[in-house]
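Understanding the architecture of this molecule
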Amino acid sequence: MIPAPTRYARATDLDHALELLEEEDAKAIAGGQSLLPVMKLRIARPSVVVDISRLDLRGVEAREGELHIGPLTTWAELLRAEAVDRPSLAAIRECAQGIGDLQVRNLGTIGGSIAHADPASDMPAVLLALGARLHLRSPERERELPLGEALVGPFLTAIAATELLTDVVVPLPPACSGSAYASLEHPASGFALVGAAALVEPDREAVALTGVGATPFLLDGDPEQAIAGAEIYGDRFASAEYRRGLAAVLAGRALESARRRAREDR
């Protein structure tokens, strides 16, 4: 397929990008691994494509008890980042290394994945379990939004059309913590039929699922009971019953790995 006619504009800085995004039906593009396919299918028909790939929104840094991930950080850069080389953040690297192929990991960005809000996307589940927050900026204001509040439906977020994601912030877990990600991908598409992320801290555990509902989501309370009572979607690739059983298995695997890493994090 060929995309509908559109204009292209390269943003020189953040203020310029925000100015360009004020045009009706404008869309930001960085790696293009999410936007270009839907443009080719003409599901998305932006009036102007705003290239933000050269903005200073890249990098991974731990400071003042938080991990800061620039939204233009690619999966490959995330895999190489020393800041995530710890048991408590192991789920980030474990997840990133299984995303797409080499080209996708070299071009695709973490911010693009969040903004695209694919209900089967892997990393949002990891970030939900880790308690991530999003820093957003528009021409009028800056604001912070918990990731769970930003994901509102399939391919739908609470990020306004004139806002840009400027930082992904993850609280650094305390000592004796561990995290993990487990998934089963469809052999043809590579997308997760079900994915489960777990964080184990000394006084609490958190589990998030992806691929089973309208958005990735955190489980409330005991994972086994929460999965049994959750609204699980079925489709032509897997029934709701199959996904429910698989979610329980993968959540158990992720928790087991996270607990083991927590014991090693001394």
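Residues numbered from 1 in each chain as written. Predicted model: local features only at pLDDT ≥ 70, side-chain atom pairs only at ≥ 80, totals over all residues. Heavy atoms only, no water.

Examining the environment of Met39
Note on placement: Met39 falls in helix α2 (residues 35-40). It is 29 Å that separates the C-alpha atoms of Met39 and Ile232, two residues lying 193 residues apart in sequence. In this structure Met39 touches Pro3, Ala4, Thr6, Ala44, Pro46 and Val49, once residues within four positions along its chain are discounted. (Helix = DSSP H or I, 4+ residues; strand = E, 2+ residues; numbered from the N terminus. Contact = heavy atoms within 4.5 Å.)

Notes on the sheet that holds strand β2 (residues 26-29)
The parallel open sheet is built from three strands, whose spatial order is β1-β3-β2. If you trace the sheet from one side to the other, it starts and ends with β1 (7-10) and β2, each paired once. Direction aside, the axes of adjacent strands within the sheet are offset by 25 degrees on average. Note that β2 and strand β3 (residues 48-51) share four bridges and pair parallel. Bridged to Ala26 within β3 is Val48. (Pairing = 2+ DSSP bridges. Axes fitted to C-alpha atoms, helices over the stretch in contact; angles between N-to-C directions.)

Some words on the side chain of Thr210
Within the secondary structure layout, Thr210 lies in strand β13 (residues 204-210). We classify Thr210 as buried; its relative accessible area is 0%. Among the polar contacts listed, one links the side chain of Thr210 to the backbone oxygen of Pro119, at a separation of 3.1 Å. Not counting residues within four places of it along the chain, the set of residues in contact with Thr210 comprises Pro119, Ala120, Ser121, Asp122, Ala125, Tyr181, Leu193, Val194, Gly195 and Pro216. (Buried < 20%, exposed > 50% of the residue type's maximum accessible area, 1.4 Å probe, protein only. Polar contact = N/O pair within 3.5 Å; in protein donor to acceptor, adjacent residues only side chain to side chain.)

Some remarks on a nonpolar patch on the surface
Together, Met1, Leu41 and Ile43 make up an exposed nonpolar region whose accessible area comes to about 390 Å². When you line up the elements, Met1 lands in the segment before β1. Overall, Met1 belongs to the exposed group, its relative accessible area being 70%. (Patch = residues over 30% accessible without salt bridge, like charges linked within 9 Å, V, L, I, M, F, W, Y side chains within 5 Å. Areas by Shrake-Rupley, 256 points an atom, 1.4 Å probe, with all protein chains shown as cover. Salt bridge = Lys/Arg side-chain N within 4 Å of Asp/Glu carboxyl O.)

Here's the deal with the domain arrangement of the protein chain
Many analyses report the size of an interface as the accessible area lost when the parts associate. Domain annotation of the protein chain identifies domain 1 (7-51), domain 2 (60-171) and domain 3 (178-264). Using only C-alpha atoms to locate each centre, domain 1 and domain 2 end up separated by 19 Å. Each partner contributes residues to the interface: domain 1 has 12 residues there, and domain 2 has 16 residues. Between domain 1 and domain 2 lies a buried interface of about 1100 Å² when both sides are counted; carbon and sulfur atoms form 69% of it. Linking domain 1 with domain 2 are one salt bridge, by the criterion used here. As a salt-bridge pair, Asp15 and Arg137 come within 2.5 Å of each other at their nearest N and O atoms. For the interface between domain 1 and domain 2, the tally reads one residue pair in polar contact (both at pLDDT 80 or more). (Domains from an automatic or database assignment. Buried area = accessible area lost by both parts, 1.4 Å probe.)

Brief notes about the sheet that holds strand β4 (residues 60-63)
The strand order across the open sheet built from five strands is β4-β5-β10-β6-β7, with neighbouring strands paired in antiparallel fashion. With one partner strand each, in any of the chains shown, β4 and β7 (142-146) form the two edges of the open sheet. Sheet twist, expressed as the average angle between the axes of neighbouring strands with direction ignored, equals 25 degrees. Judged from the five bridges that link them, strand β6 (residues 133-137) and strand β10 (residues 164-171) form a sheet pairing that is antiparallel. Of the residues in β10, the one forming a bridge with Arg137 is Leu164.

With respect to the pairing of strand β12 (residues 192-201)
Across the 10 residues that make up β12, a large majority, 10, are buried. Between strand β11 (residues 178-185) and β12, which follow one another and run antiparallel, lie six residues, and Gly190 among them has a positive phi close to 85 degrees. With seven bridges connecting them, β12 and β13 associate as antiparallel partners. Considered in β13, the bridge of Ala196 is made with Leu209. As consecutive antiparallel partners, β12 and β13 are separated by two residues.

Focus on unusual backbone geometry
If you check the backbone angles, Glu64 has positive phi at about 50 degrees while not being a glycine. Assignment of secondary structure puts Glu64 in the loop between β4 and β5 (66-69). The exposure class of Glu64 is exposed, given its relative accessible area of 79%.

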